Amino acid sequence: MAKLAVLRPYETTWEDWLLGSGASAQFEDPDLPLEIEIGPGDDDFLYECACEHADRNWLGIEYSRKRVRRYVRKVEQRGKPLPNLQLIWRPAADLIGPFLTPGKVAAYHIYFPDPWPKAHHARYRLMTPEFVGALRDSLGREGRIDLATDSDEYVDEIREAFAEAGGMQEVEGARPGPGGVAGDRPTVFEERWRAMGRTIHFIRFTKESA
Ligand SMILES: C[S@@+](CC[C@H](N)C(=O)[O-])C[C@H]1O[C@@H](n2cnc3c(N)ncnc32)[C@H](O)[C@@H]1O
């Protein structure tokens, strides 16, 4: 049965992060372009990408331990060796910025980040100008960030965060993410929100060349 490693920075890879080689040091071929999904949850996007795009490394950053374990079990049961797939169990902001080597990441995928709609929960929202700045700095030339959300308020806030952070430009009209990379399959949350009649917003930003 194939084994999928779960990276736990404090236990196994902390030195790698500190030394600046970042997540790519853990892949069989660390020189492949690196794409990162933040919050894969129970969705197969990352797994499908790793299967269909063996010429890239795929890293999932997920802060729910339960979901990481479930993901690992699911991948192992499928039995396909995937030397280009890794999961890390951490909040994304703990890693990106502090530990990812600048200019290293080819793309981020962020599908249905929790919107935390209540005002007193606003501090939990992921897409702040500071975090967008950290994502931007970790991207390589022509790096991109693909996002999806069902929240009309959050989509505006995300665009404001990009505007405030600077250095990225929105690409109009593309349906990024799952459709753009691994076939036109909606994610688990996309399906859920569509069934409830919600509008889905897709956004793509690319890094401006220096
Ligand atoms: C609403 S679910 C979306 C799951 C999946 N992307 C989809 O479209 O079906 C959000 C996921 O992001 C994870 N998450 C939320 N904030 C995170 C953070 N700061 N760092 C890493 N994962 C996070 C949650 O645990 C959850 O699995």
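Scroll up a little and you will see the structure.
The notes below deal with the structure included here. (Residues numbered from 1 in each chain as written. Predicted model: local features only at pLDDT ≥ 70, side-chain atom pairs only at ≥ 80, totals over all residues. Heavy atoms only, no water.)

## Quick notes on the pattern of salt bridges
Cut-off, in case you're wondering: Salt bridges are counted wherever a side-chain nitrogen of Lys or Arg sits within 4 Å of a carboxyl oxygen of Asp or Glu. Note on classification: 1.4 Å probe, protein chains only; a residue is buried when its accessible area is under 20% of the maximum for its type, exposed when over 50%, partly exposed between these limits.
Using the criterion set out here, one finds 15 salt bridges in the structure. Between aspartate 94 and arginine 90 there is a salt bridge, and its shortest N-O distance comes to 2.9 Å. Look at aspartate 94 and you get partly exposed, because its relative accessible area is 33%. For arginine 90, a relative accessible area of 18% gives the class buried. When salt bridges that share partners are traced, they join Glu35, Arg56, Arg144, Asp146 and Arg204 into one network.

## As for the site of the ligand
The criterion, for reference: Throughout, near means a residue has at least one heavy atom within 4 Å of the molecule or strand. By the criterion applied in these results, polar contacts are pairs of N or O atoms within 3.5 Å in which, for protein atoms, one can donate a hydrogen and the other can accept it, and in which residues neighboring in sequence qualify only through two side-chain atoms. Per-residue and other accessible areas follow the Shrake-Rupley method at a 1.4 Å probe size, with only the shown protein chains counted as cover for residues. Strands are runs of DSSP state E lasting at least 2 residues, helices are runs of H or I lasting at least 4, and numbering of each runs from the N terminus. As a working rule, the residues Ala, Val, Leu, Ile, Met, Phe, Trp, Tyr, Cys and Pro are called nonpolar, Asp, Glu, Lys and Arg charged, and the rest polar, with Gly in that last group.
Around the ligand there are 20 residues in total, and Gly39, Glu62, Arg67, Tyr111 and Thr187 lie nearest to it. At 2.5 Å from an oxygen atom of the ligand is found a side-chain nitrogen or oxygen belonging to glutamate 62. The backbone of valine 188 places a nitrogen or oxygen atom 3.4 Å from an oxygen atom of the ligand. In the complex, the protein chains occlude 93% of the 600 Å² of accessible area that the ligand would expose alone. When residues of the shell around the ligand are traced back to their parent elements, those giving at least two are strand E3 (57–62) and helix H8 (188–195). When the residues that make up the shell around the ligand are grouped by side-chain class, the tally is 10 nonpolar, four polar and six charged.

## Topic: the packing of aromatic side chains
To keep it simple, the criterion reads: In this analysis, rings of Phe, Tyr and Trp, with Trp reduced to its six-membered ring, are considered paired at centre separations within 6.5 Å, and the interplanar angle assigns stacked below 30 degrees, edge-to-face beyond 60, and tilted for intermediate values. The criterion for a charge sitting over a ring is simple: Lys NZ or Arg CZ within 6 Å of the ring centre, and within 35 degrees of the ring normal.
This model, assessed by the stated rule, comprises five aromatic pairs. For the pair tryptophan 116 and tyrosine 124, a centre-to-centre distance of 4.9 Å together with 50° between the ring planes defines the contact as tilted. Here tryptophan 116 falls in the partly exposed class, since its relative accessible area comes to 27%. An aromatic cluster is present here, built from Phe45, Trp58 and Tyr111 joined pairwise through their rings. Between the NZ or CZ atom of arginine 198 and the centre of the ring of tryptophan 193, over which it lies, the distance is 4.1 Å.

## Comments concerning the nonpolar core
The criterion, for reference: The definition of a nonpolar core used throughout is a set of buried Ala, Val, Leu, Ile, Met, Phe, Trp, Tyr and Cys residues joined through side-chain atoms within 4.5 Å. Should any heavy atoms of two residues lie within 4.5 Å, those residues are counted as being in contact.
Grouped together as the largest cluster of nonpolar side chains are 32 residues, with contacts concentrated most on Ile96, Tyr108 and Met127. The dominant element in this core, judged by the number of residues it contributes, is helix H6 (residues 152–165), at six residues. Among all residues touching isoleucine 96, those that are not within four sequence positions of it are Ile38, Ile61, Tyr108, Phe131, Ala134, Leu135 and Ser138. In terms of nonpolar packing, the next biggest core, distinct from the first, is built from 19 residues, Phe45, Leu85, Ile200 and Phe202 among them.

## Section: the packing of helix H5 (residues 129–138) against H6
This is how the line gets drawn: Angles run from 0 to 180 degrees between N-to-C directions of axes, and those axes are lines fitted to C-alpha atoms, restricted for helices to the stretch in contact. Left-handed describes a crossing whose near helix is turned anticlockwise from the far helix through less than a right angle; right-handed describes the clockwise counterpart.
Taken N-terminus to C-terminus, the directions of H5 and H6 make an angle of 65°; their axes are 8 Å apart at the nearest point. In this structure, H5 crosses over H6, and the sense of that crossing is right-handed. For the pair H5 and H6, the contacting residues are Pro129, Val132, Gly133 and Arg136 in the first and Ala161, Phe162, Glu164 and Ala165 in the second. In terms of residue class, the contact of H5 with H6 is built from five nonpolar, one polar and two charged.

## Things to note about the packing of helix H2 (residues 45–52) against helix H3 (residues 65–78)
Here H2 crosses H3 at 35°, and the two axes come no closer than 11 Å. Read as a crossing pair, H2 and H3 show a hand that is right-handed. Together, Phe45, Leu46 and Tyr47 of H2 and Tyr71, Val75 and Arg78 of H3 make up the contact between the two elements. Considering only residue class, the contact of H2 with H3 consists of five nonpolar, no polar and one charged.

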